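Letter by letter, the chains look like this.
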Amino acid sequence: MIDVVYFAWLRERIGLPREQVETRAETVADLVAELTAREPRYAAAFADTASVRVALDQSLAGFDAPLSGVREVAFFPPMTGG
Amino acid sequence: MIDVVYFAWLRERIGLPREQVETRAETVADLVAELTAREPRYAAAFADTASVRVALDQSLAGFDAPLSGVREVAFFPPMTGG
Amino acid sequence: MLRVDAAAFDPGAELNAFSAGLTTAGAVVSFTGIVRDTPAGLAAMEIEHYPAMTGPAIAEMQTTAARRWDLAASLVIHRHGRLEPGETIMMVATAAPHRAAAFAATEYLMDYLKSRAPFWKKEIARDGTETWVAATPEDEDALSRWD
Amino acid sequence: MLRVDAAAFDPGAELNAFSAGLTTAGAVVSFTGIVRDTPAGLAAMEIEHYPAMTGPAIAEMQTTAARRWDLAASLVIHRHGRLEPGETIMMVATAAPHRAAAFAATEYLMDYLKSRAPFWKKEIARDGTETWVAATPEDEDALSRWD
């Protein structure tokens, strides 16, 4: 079980801010493929992964990063602070 | 007659902030030569002209600038505002 | 110093408080970001953030800035939630013995806050249209000058 | 906006007043200069200026900055007379639609104020020694980046 959190338009498209996912995905990319296959709202959220950023346990990571030992995966668009 | 004003250590060395000078100097350099010849306190103030800046009627100028039509000449060290 | 909060703050009071404690640093630079109206007419800006990540991410930027430049202190205040035009979104201030360091560190923190602090802005127009503010290539490019 | 005055001023209140009138400019950058103590111990700093020249010289810097960058407004406040450690000497603020312009214009104004505004600073040590602050080659060099 892994916590998955969504922000901004990813949260809006998927329709929830946080969920627990039962997965054996080895990498972020594997997890995205699993979610995308689940339901159209996930497919809509991850349609353009070039616009999606990832953090593993609150640290920025790439789509090829392994999920082993990770408790929380966050998906969000490029940040717009300041 | 021309107004001559002094600031910072030039004012201190010459011993006054402002004076009227009767001169026929054609350039700033001529005026400095006249003043320097006058008294040791002027010679002390103008000993190192590389450290002296000039303004003619409140605009920065060089030592070769003509004095024709100028009402006020200011001598001061490099500025240290801010 | 770092504060992430939905509450409004007073930039002038923060600047004075920040400056008050300084004994060796004569140069203080601040940046204040204010919600601007838009050509379409802006009702409000909503700022979402990732609470578990925001504090650590900004604190790391401040630590890096303090390592790169001779700083006496740095301050970051960033709001989240709903803001109306004219309200202050955020503020950065740095203090240093020399002004070049304070300017550089403040620009560095701003560039990193723009693109690496987990905030997302949504503009709500007066006609109700909602638009997520897009990151710009310029904001991403601004980071490369610090490499 | 420009003020040259012997009286103390409140930088935070000035920052807030400056920001209050802005409708299109979301980015405000400020610089505040504070009298620092010195290793020898500073009793006071005395700032002399050339009243007939100071205002026009600074106003021209502000005009040039407004021509070079897309600014909504700029503010310069500079004190003269006797100041004690901890007192604010001067302040510059600029407001712009984009932060890069506000940062650049504030740095530009600071660089020019340092070397082209007719102020001279004298440090009075606690033992009574008086020293005119010397201009540094670095301050002069800082101007060349704006050519």
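Residues numbered from 1 in each chain as written. Chains lettered and ligands numbered in written order. Predicted model: local features only at pLDDT ≥ 70, side-chain atom pairs only at ≥ 80, totals over all residues. Heavy atoms only, no water.

Trainee: Whenever I open this one, the overall build of chain C confuses me. Can you help?
Mentor: A tally of helices and strands in chain C yields four helices and eight strands. From first element to last, N terminus to C terminus, chain C shows the α and β order β-α-β-β-α-β-β-β-α-β-β-α. Radius of gyration (C-alpha) of chain C: 16 Å, near the 15 Å computed for a compact globule of 147 residues. Within chain C, counting contacts between residues at least 6 apart in sequence, those at least 24 apart form 76% of the total. When the accessible surface of chain C is summed, it comes to about 6100 Å², and 52% of that surface belongs to carbon and sulfur atoms. (Helix = DSSP H or I, 4+ residues; strand = E, 2+ residues; numbered from the N terminus. Rg over C-alpha atoms; globule rule 2.2 N^0.38 Å. Contact = heavy atoms within 4.5 Å. Areas by Shrake-Rupley, 256 points an atom, 1.4 Å probe, with all protein chains shown as cover.)

Trainee: Would you take a moment to explain the nonpolar core for this structure?
Mentor: One recurring pattern in soluble globular proteins is that nonpolar side chains are buried together. By size, the foremost hydrophobic cluster in this structure holds 64 residues, and its most contacted members are W69 and L113 of chain C together with W69 and L113 of chain D. Excluding residues that lie within four positions of it along the chain, L113 of chain D makes contacts with G81 and G82 of chain B together with I58, M61, V76, M90 and V92 of chain D. (Core = buried A, V, L, I, M, F, W, Y, C linked by side-chain atoms within 4.5 Å. Buried < 20%, exposed > 50% of the residue type's maximum accessible area, 1.4 Å probe, protein only.)

Trainee: Would you mind showing me how to read the sheet that holds strand β7 (residues 119-125) of chain C here?
Mentor: In any sheet, the strands associate via hydrogen bonds between backbone groups, in a parallel or an antiparallel arrangement. Residue and element names in this part refer to chain C. Taken together, the four strands give an open sheet; going across it, the order is β5-β3-β7-β8, and neighbouring strands pair in antiparallel fashion. Only two strands of the sheet have a single neighbouring strand rather than two, namely β5 (81-83) and β8 (130-132). Neighbour-to-neighbour, the strand axes of this sheet turn through a mean angle of 25 degrees, independent of strand direction. (Pairing = 2+ DSSP bridges. Axes fitted to C-alpha atoms, helices over the stretch in contact; angles between N-to-C directions.)

Trainee: Any chance you could explain the interface of chain C and chain D here in plain terms?
Mentor: Size of an interface: often given as the accessible area lost when the parts come together. Taken together, the 33 residues of chain C in the interface contact 33 residues of chain D. Taking both partners together, chain C and chain D bury about 2500 Å²; carbon and sulfur atoms supply 53% of that area. Three residues stand out in chain C for area buried against chain D, namely R36, R99 and F103 of chain C, and they jointly supply 28% of the buried area on that side. Across the chain C-chain D interface, the total number found is four salt bridges. (Buried area = accessible area lost by both parts, 1.4 Å probe. Salt bridge = Lys/Arg side-chain N within 4 Å of Asp/Glu carboxyl O.)

Trainee: Would you mind going over the relation of the copies chain C and chain D with me for this structure?
Mentor: After a rotation of 180 degrees and a shift along the axis of 0.0 Å, chain C superposes on chain D with an RMSD of 0.0 Å. The transformation just described matches what one would write down for a two-fold rotation axis. When C-alpha distances to the rotation axis are compared across chain C, the minimum falls at G12 of chain C, with a value of 1.7 Å. The overlap is high: 100% of the interface residues of chain C also sit at the interface in chain D, so the same surface is used on both sides. (Least-squares fit on C-alpha atoms with pLDDT ≥ 70 in both.)

Trainee: Explain the pairing of strand β3 (residues 42-49) of chain D here, please?
Mentor: Along any regular strand, the residues point their side chains to alternate faces of the sheet. All names here are of chain D. The buried fraction of β3 amounts to six of the eight residues, a majority that puts the element mostly inside the structure. Sheet topology places β3 next to strand β7 (residues 119-125); seven bridges connect them, and they run antiparallel. Across the sheet, L42 pairs through a bridge with A125, a residue of β7.

Trainee: It is not clear to me how unusual backbone geometry should be interpreted in this structure. Could you clarify?
Mentor: With the exception of glycine, most residues fall at negative phi, and the peptide bonds are largely trans. Unlike most non-glycine residues, A8 of chain A shows phi in positive territory, near 60 degrees. One can find A8 of chain A in helix α1 (residues 8-14). At Q58 of chain B, a residue that is not glycine, the phi angle is positive and equals roughly 70 degrees. With relative accessibility at 28%, the residue Q58 of chain B sits in the partly exposed group.

Trainee: What is the right way to look at the packing of helix α1 (residues 11-20) of chain C against helix α1 (residues 11-20) of chain D in this model?
Mentor: Two quantities define a packed helix pair, namely the angle between the helix axes and the distance between the axes. Interaxial distance between α1 of chain C and α1 of chain D falls to 7 Å at its minimum, and their mutual angle equals 155 degrees. Looking at the two axes, α1 of chain C sits roughly antiparallel to α1 of chain D. For the element pair α1 of chain C and α1 of chain D, the recorded crossing hand is right-handed. In this structure, α1 of chain C uses P11, G12, A13, L15 and N16 of chain C to contact α1 of chain D, whose residues at the interface are P11, G12, A13, L15 and N16 of chain D. Split into classes, the residues belonging to the contact of α1 of chain C with α1 of chain D amount to six nonpolar, four polar and no charged. (Parallel < 35°, antiparallel > 145°, perpendicular 65-115°, else oblique. Left-handed = near helix turned anticlockwise from the far one by under 90°. Nonpolar A, V, L, I, M, F, W, Y, C, P; charged D, E, K, R; others polar.)

Trainee: I would appreciate a short explanation of the arrangement of the chains in the present structure.
Mentor: Pairwise contact counts over the three pairs of chains in contact peak for chains C and D. With respect to C-alpha atoms, chain B approaches chain C no nearer than 10 Å, and the pair has no contact. Here chain A and chain D are not in contact; the least distance found between their C-alpha atoms is 10 Å.

Trainee: Would you explain α1 of chain D in this entry?
Mentor: Helical periodicity: at 3.6 residues per turn, an α-helix aligns residues three or four positions apart in one direction. Listed as buried for α1 of chain D are P11, G12, E14, L15, F18 and S19 of chain D. Summarising the axial view, the buried residues of α1 of chain D lie within an arc of 160 degrees, below the 170-degree limit, and thus occupy one face. Opposite the buried face of α1 of chain D, at more than 90 degrees from it, the exposed residues are A17 and A20 of chain D. The inward-facing, buried residues of α1 of chain D contact α1 and β2 (27-34) of chain C together with β1 (2-5), β2 (27-34), β4 (73-79) and β6 (88-96) of chain D. A distance of 3.0 Å separates the backbone nitrogen of G12 of chain D from a side-chain oxygen at the start of α1 of chain D, and that oxygen is part of D10 of chain D. (Arc of directions from axis to C-beta. Polar contact = N/O pair within 3.5 Å; in protein donor to acceptor, adjacent residues only side chain to side chain.)

Distances and angles like these do not, on their own, reveal function.
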